[in-house]
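# Secondary and tertiary structure notes
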Amino acid sequence: MKPKTIDIQCVGYSVKTDIYEGSEDGVILLSLIGRTSRRTKQRYYDFFPRLAQELGITTVIFDYTGHGDSPFDIEELSPAQHFLEVITVFDWIKEKYPNRKVFVIGSSYGGFLATQLTKYRKFESLILRAPSIYEPSEFYTLKKNEDREATQVFRRDVEALAKHPLLVRASKFEGKVLLVVHEKDEQIPKETTDAYANAFQSEVILVKDVTHSLDNVTPQQIEDYNQIIFDWLAINTKPKD
């Protein structure tokens, strides 16, 4: 199953977006990728057709500026810029599918942006895969100017995490939340995932023997990992009797 690819217009540029069409009345899943210039929406080509065919879920996934074929330099961009793109794509979804439920799944940096989205837009459910977090002051900082060592220290600061405005607001989100934790995550420590779990009071699933990026895992591990998300979606998108 090949996706339909379109350009969604932002202010002065567009973001390339893939749509895997499911059933006419199924859930819409907005998928937010991680933050790297090399990993694009293409890595999900095997999983989203299955969601469409077996669960009727329509998935919308796009490349932030600085990703994929985008002409922008990721080092010259901030989370704030990418979040504006998330808002733009979300609003496009609501306009195109006005009567459909919307779920959001975010991986790493995408989980951070998805959590931001809970403040500004309403949607039904949220899946966070090894979500990252940054100090509030870093939201407008260009990637090239980030202090990565300071970020890693912050991600282990339990008191600072508990006071982060992003997580303080999380308790107001009314939808269901699944938090997927990677057992051997070298970038997102337990303090960070615990802070997310406490903030959302989420369901938590620990995936054994996987690192943050999932790059050095077997095909079976990827299949098992995707099955966790598939099963959760199957339960939570099932029409009520």
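Up top is the structure.
Criteria and thresholds
- Residues numbered from 1 in each chain as written.
- Predicted model: local features only at pLDDT ≥ 70, side-chain atom pairs only at ≥ 80, totals over all residues.
- Heavy atoms only, no water.
- Pairing = 2+ DSSP bridges.
- Helix = DSSP H or I, 4+ residues; strand = E, 2+ residues; numbered from the N terminus.
- Axes fitted to C-alpha atoms, helices over the stretch in contact; angles between N-to-C directions.
- Buried < 20%, exposed > 50% of the residue type's maximum accessible area, 1.4 Å probe, protein only.
- Contact = heavy atoms within 4.5 Å.
- Phe/Tyr/Trp six-rings, centres within 6.5 Å; stacked < 30°, edge-to-face > 60°.
- 1 Å grid on protein atoms, 1.4 Å probe; cavity = no way out; pocket = protein on both sides within 12 Å on 5 of 7 lines; lining within 4 Å.
- Points joined across faces, edges and corners; volume = space filled by probe spheres on them.
- Nonpolar A, V, L, I, M, F, W, Y, C, P; charged D, E, K, R; others polar.

This paragraph deals with the sheet that holds strand S7 (residues 176-182). Taken together, the eight strands give an open sheet; going across it, the order is S1-S2-S4-S3-S5-S6-S7-S8, and neighbouring strands pair in mixed fashion. Each edge of the sheet is formed by a strand with only one pairing partner; in this case those strands are strand S1 (4-9) and strand S8 (203-207). Sheet twist, expressed as the average angle between the axes of neighbouring strands with direction ignored, equals 20°. Judged from the four bridges that link them, strand S2 (residues 14-20) and strand S4 (residues 58-62) form a sheet pairing that is antiparallel. Across the sheet, Ile19 pairs through a bridge with Val60, a residue of S4.

Attention now moves to the side chain of Thr192. With respect to the helices, strands and loops of the structure, Thr192 is situated in helix H7 (residues 190-200). For Thr192, a relative accessible area of 0% gives the class buried. Among residues more than four places away in sequence, those in contact with Thr192 are Pro131, Ile133, Arg155 and Leu161.

Turning to its location among the elements, Ile87 is positioned in helix H2 (residues 79-96). Residue Ile87 is classed as buried on the basis of its relative accessible area of 14%. Sequence separation of Ile87 and Ala114 is 27 residues, and the distance between their C-alpha atoms is 9.8 Å. Those residues in contact with Ile87, other than ones at most four positions away along the chain, are Leu117, Tyr120 and Arg121.

Time to look at the packing of aromatic side chains. A full pass over the atoms with the stated rule returns 16 aromatic pairs. On the numbers, 5.4 Å between centres and 85° between planes, the contact of Phe62 with Tyr64 is edge-to-face. Residue Phe62 is classed as buried on the basis of its relative accessible area, which comes to 1%. Judged by relative accessible area, Tyr64 falls into the buried class, the value being 0%. Between the aromatic rings of Phe83 and Tyr120, the centroid separation amounts to 5.6 Å while the plane-to-plane angle is 55°, which identifies the pairing as tilted. Taken together, the positions of Phe83 in helix H2 and Tyr120 in helix H3 (residues 109-120) put the pair 37 residues apart, joining distant regions of the chain. A relative accessible area of 7% means that Phe83 is categorised as buried.

Empty space within the second largest pocket amounts to approximately 540 Å³. If you trace the second largest pocket, you find 21 residues lining it, with Lys101, Asn236, Thr237, Lys238 and Pro239 closest to the centre. If you tally residues by element for the lining of the second largest pocket, the top one is helix H8 (residues 219-236), at three residues. For the lining of the second largest pocket, a count of residues per class yields seven nonpolar, seven polar and seven charged.

What follows deals with helix H1 (residues 47-55). Residue pairs three or four apart in sequence face the same way in an α-helix, which turns once every 3.6 residues. All of the buried residues in H1 are Phe47, Phe48, Pro49, Leu51 and Ala52. Those residues of H1 hidden inside the fold are in contact with S2, strand S3 (28-32), S4 and H8. Note on H1: the residue one or two positions beyond its end, Gly56, has a positive phi of about 75°.

With a phi close to 60°, Asp209 is a non-glycine residue in the positive phi region. Here Asp209 shows up in the loop between S8 and H8. Of note, the phi angle at Leu214 is positive, near 65°, even though the residue is not glycine. Take Leu214: it is sitting in the loop between S8 and H8. Residue class for Leu214 comes out buried when judged on its relative accessible area of 6%.

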